[in-house]
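A closer look at the structure
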Amino acid sequence: MSEQLDTFVYDKGINDRPRRNDGVIEIHTHDRINFKRCRWKWDFESGLRRHLVPKDASNPNTWFGTGIHFALEDYHGYRRFSSPMHAFQAYYNVYEKHYPEYMPPEHEELLELGLCMLDYYPVWLKRRNEFETLWIDSKPQVEVEFSIEIPELSEYTGTTVVYQGAIDRVVVDAHGQLWLVDYKTVKRFNTDKLELDPQITAYCWAAEQYYERPVEGMIYVQFKKVAPRYPKVLARGGLSTDKRQYTTYDLFKIALEDLGYDLKNLPKNYQDYLNFLLEEETIEGDRFIRWDKVRRNEHFKRSEYELIVAEGKEMLNPNLVLYPNPTFACANDCLFRTVCIAMRDGSDADWLLETMYEKKGETVNWREKIQWQDPEIRLGLR
């Protein structure tokens, strides 16, 4: 073909990069993941690049996950609420009163789901509470933001470059070893990625620099987006033993105790059902919540740092060439697929970017409006 097409997009230079007010350049784990996934996607989304988001589009996963994280942060920290349910309700109340336009359309369903999930969490944790939150200077180490300089990249760019992130929780085990905790809300459990997950390794490396002590690994906690329930109470009396109901061993035991049953002398059908529910569990958890302990040795963490440096030099290269990497997942998880197609077929991609997207601005500061007292609980497991 003799016609020259402007298919590739070149970098405008390091000096044009978005920076913090103090002039520092930040690299995040999602920058690295998107960069290796597709350079066009990275160019559109990254804070290092255009930093675009769709106009007038709320992300229910982000909104819901933020509320769950806030509830767990409080529960494993200062406990200014009597339960994680109360904290999640307070988070919801702020948006309902002050920022309703930022709530996803299905916010009422998400409220019910979140309250049920968080009502069950302390029940689930009771038999599995192996770790204590690390406290330093009377401050719980929850939602810990870190900013670790990467000297090789600072030298490469002539500007301070840092690896930026936030650790959900830092804990100590019975042997005094330090672990990180990361919470995920998911449609289905996924453990296949854990051994090579770059966030786990990078965060363990960063935490060692931050705390100046070894980090054993990460406790990766997954909350399935399904509402656990107490067993159904039958019209004729007693509890349902339907194996299809969304209950667990612990919830069934609590329901039996509430009805006055002696757990050491149960009717056979209830004992058989308890055994069935117990067999549904593993050492990692049950079908609603599971945790996996992922260890990272020193070699693993050092090699991840070398990858951060290598990838960072590519991302910050003033002569970087940008090109797409379409995969089967694009239709499901790329917010810029329409723009990508327009760039390929010669349509007006610039018009799409101008009319459908905007620079990502500051998120609403909902924390300032949290009412630090127990709000009324409207929904729950029962």
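Definitions and cut-offs
Residues numbered from 1 in each chain as written. Predicted model: local features only at pLDDT ≥ 70, side-chain atom pairs only at ≥ 80, totals over all residues. Heavy atoms only, no water. 1 Å grid on protein atoms, 1.4 Å probe; cavity = no way out; pocket = protein on both sides within 12 Å on 5 of 7 lines; lining within 4 Å. Points joined across faces, edges and corners; volume = space filled by probe spheres on them. Helix = DSSP H or I, 4+ residues; strand = E, 2+ residues; numbered from the N terminus. Nonpolar A, V, L, I, M, F, W, Y, C, P; charged D, E, K, R; others polar. Axes fitted to C-alpha atoms, helices over the stretch in contact; angles between N-to-C directions. Left-handed = near helix turned anticlockwise from the far one by under 90°. Contact = heavy atoms within 4.5 Å.

1. Re empty space enclosed by the protein
Counted by the stated rule, this structure contains three cavities of 30 Å³ or more. Taken as a whole, the largest cavity encloses approximately 90 Å³ of empty space. Lining the largest cavity are Y121, W124, L125, N129, F131, R169, V171, V181, Y183, I219, V221 and W291. Taken together, the elements giving at least two residues each to the lining of the largest cavity come down to α5 (107-126), β8 (161-172), β9 (178-186) and β10 (215-224). With three residues, α5 is the largest single contributor of residues to the lining of the largest cavity. When its residues are assigned to classes, the lining of the largest cavity shows 10 nonpolar, one polar and one charged. A volume near 60 Å³ is recorded for the second largest cavity. Lining the second largest cavity, in full, are K243, T247, T248, Y249, F276, L277, E280, E281, D286 and R287.

2. Regarding the packing of helix α1 (residues 29-37) against helix α10 (residues 298-315)
At a closest axis distance of 11 Å, the pairing of α1 and α10 adopts a crossing angle of 65°. The interaxial crossing formed by α1 with α10 has left-handed handedness. In this structure, α1 uses D31, R32, F35 and K36 to contact α10, whose residues at the interface are E304, L307, I308, E311, E314 and M315. Its residues assigned to classes, the contact of α1 with α10 comprises four nonpolar, no polar and six charged.

3. Remarks on unusual backbone geometry
The phi torsion of most residues other than glycine is negative, and most of the peptide bonds are trans. For H51, which is not glycine, the phi torsion reads 55° and is therefore positive. The residue H51 is located in the loop between α2 (39-45) and β3 (52-54) in this model. Despite not being glycine, E212 has its phi angle at roughly 55°, a positive value.

4. A word on the packing of α1 against helix α7 (residues 198-211)
Where α1 contacts α7, the two axes come as close as 10 Å, and the packing angle between them is 145°. Relative to α7, the crossing made by α1 is right-handed. When α1 is examined against α7, the residues T29, R32 and I33 are found in contact with a partner set consisting of P198, Q199, A202 and Y203. Residue composition of the contact of α1 with α7, by class: four nonpolar, two polar and one charged.

Worth remembering: the numbers are spatial, not functional.
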